[in-house]
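What the coordinates show
Below are the chains, spelled out letter by letter.
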Amino acid sequence: MELTELTKRLCSLPGPSGFEEAVFDWAAEYLRPIADEIHTDSLGNLLAIKRCGQPDAKLVMLDAHLDEIGFIVTGAQDGFLTFDMLGGVDHRMLPAREVRVLSDPPLFGVIDTMPPHLLEAEETGKTIPADKLFIDVGLTQEEALKAAPPGTPVVYASGCDELCAGQLCGKALDDRACAAIIIKAFETLADKPLNVDLGCQLSTQEEVGRRGAAVGAWNAAPDIALVVDVTHAKTPDGKEALCEGRKGAAIGVGPNLNRAVTRELFRIAEEQGIAHQTEPLPGDSGTNAAAIQISRQGVATGLVSLPLKYMHTPVETVWTEDMIAIEELLIAYVEEAEV
């Protein structure tokens, strides 16, 4: 499956933090024919391993998280579902938004919104708090509580579509676009002679505290980890310091990251003409790298980020040429690895 189609497929599947089963099951089936080993753990992380065949080989692990932001049903009022957040949801996005309630069977719903005709002048232009909003699934109070009881997860109903200039737009591109990248890199490298064992970790619960990566890294015990996540891309209303789309892989630099790994990423990108840019990260990177770096006795960790517009919205947007640049960089790094 091509990178774009793989990304679209991953984005189409529901997988909010703590409820990632559907997307993880699909990814496991995709990786099973490629990998020598498939492992899962109590937090639901998926680790695919390709052995190089050399004794005492070191393990280089690629990591991306598969969970997405979402919601959880907390009750019902007059048949309208009440809800809370799973991850960093932007409240401005919610009124009149289409959602998918992950009941059995799933329900289509809309988040209520007051039409402008009924608003007072001072109410226009204000963000409505989430606890004042409800999900309308068209049911009575009794039917709603039976169909979608408290604890039922919810995701945005959008999928992933193509914009002009090779851009993909939709929900869950944070971090499904990066998951697609490492899956494709793993698939390509599986047919190549390597000097290291290769791991592909698809981790859970990043959006609620990087819990999956912490447990997954402890179990995998990699020697080197390359984390792939999204970063903020510059838009006309954004800050000057943000990374730019169509400028390639954003290589992180900072205390969260191993200097030798970072220098090697830059060297390979420059020598092989892979488009790249620098992302200064003065502290915690805000990614799984922070959890993996301090796992066990410490892991030499690098971070390669994908510029993304409109993070944590249903219309996240990335450039496929940046995705390809990251895939090329990961493949080149692992091919040259001799730890």
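Definitions and limits used
- Residues numbered from 1 in each chain as written.
- Predicted model: local features only at pLDDT ≥ 70, side-chain atom pairs only at ≥ 80, totals over all residues.
- Heavy atoms only, no water.
- Axes fitted to C-alpha atoms, helices over the stretch in contact; angles between N-to-C directions.
- Helix = DSSP H or I, 4+ residues; strand = E, 2+ residues; numbered from the N terminus.
- Parallel < 35°, antiparallel > 145°, perpendicular 65-115°, else oblique.
- Contact = heavy atoms within 4.5 Å.
- Nonpolar A, V, L, I, M, F, W, Y, C, P; charged D, E, K, R; others polar.
- Buried < 20%, exposed > 50% of the residue type's maximum accessible area, 1.4 Å probe, protein only.
- Pairing = 2+ DSSP bridges.
- Core = buried A, V, L, I, M, F, W, Y, C linked by side-chain atoms within 4.5 Å.
- Left-handed = near helix turned anticlockwise from the far one by under 90°.
- Expected span 1.5 Å × (residues − 1).

Brief notes about the packing of helix H1 (residues 3-12) against helix H8 (residues 320-336)
- With their axes 11 Å apart at the nearest point, H1 and H8 run at an angle of 105° to one another. Judged by the inter-axis angle, H1 sits roughly perpendicular to H8. For the pair formed by H1 and H8, the contact residues are Leu3, Thr4 and Thr7 on the first element and Thr320, Met323, Ile324 and Glu327 on the second.
- Tallied by class, the residues present in the contact of H1 with H8 amount to three nonpolar, three polar and one charged.

Brief notes about the pairing of strand E14 (residues 249-253)
- In terms of burial, E14 is largely enclosed, as four of its five residues are buried.
- Pairing between E14 and strand E15 (residues 276-280): five bridges, direction parallel. From the neighbouring strand, glycine 252 faces E15, where its bridge partner is glutamate 279.
- Where E14 and strand E16 (residues 300-309) come together, two bridges link them in antiparallel fashion. Within E16, the position partnered with isoleucine 251 by the bridge is valine 304.

What to know about the nonpolar core
- Core analysis: the largest hydrophobic core is formed by 65 residues, its most contacted members being Leu202, Leu306, Leu329 and Leu330.
- Counting residues per element, this core draws most heavily on helix H4 (residues 173-189), at eleven residues.
- Other than its neighbours up to four places away in sequence, leucine 330 contacts Leu62, Ile181, Ile182, Ala185, Leu189, Leu226 and Val228.
- Residues Val101, Ile111, Ala130 and Ile135 belong to the second largest nonpolar core, which totals 21 residues.

Some points on the packing of H1 against H4
- Remark: H1 packs on H4, axes separated minimally by 9 Å, with the N-to-C direction vectors making an angle of 135°. As summarised for this structure, H1 and H4 are arranged oblique, according to the angle between their axes. In this structure, the crossing between H1 and H4 has a hand that is right-handed. Between H1, through Leu3, Leu6, Thr7, Leu10 and Cys11, and H4, the contact on the second element is made entirely by Leu173, Arg176, Ala177, Ala179, Ala180, Ile181, Ile183 and Lys184.
- Taken together, the residues of the contact of H1 with H4 sort by class into ten nonpolar, one polar and two charged.

Focus on unusual backbone geometry
- Aspartate 104 connects to proline 105 through a cis peptide bond whose omega is 5°.
- The topology assignment puts proline 105 in the loop between strand E6 (98-101) and strand E7 (107-111).
- Following aspartate 174, the chain continues into aspartate 175 via a peptide bond in cis, with omega recorded as 15°.
- We note that glutamine 205 has phi near 55°; this positive angle belongs to a residue other than glycine.
- As for its placement among the helices and strands, glutamine 205 is situated in the loop between strand E12 (197-203) and helix H5 (211-220).
- Of the residues examined, glutamine 205 reaches a relative accessible area of 16% and is grouped as buried.
- At arginine 246, a residue that is not glycine, the phi angle is positive and equals roughly 70°.
- As for its position among the elements, arginine 246 is in the loop between strand E13 (224-232) and E14.

Some remarks on helix H6 (residues 259-271)
- The terminal C-alpha atoms of H6 lie 18 Å apart, and with 13 residues this matches the ideal 18 Å at 1.5 Å per residue to within 8%.
- Elements that come into contact with the buried residues of H6 comprise E13, E14, E15, E16 and H8.
- Positive backbone phi, at 65°, marks glycine 273, one or two positions downstream of H6.

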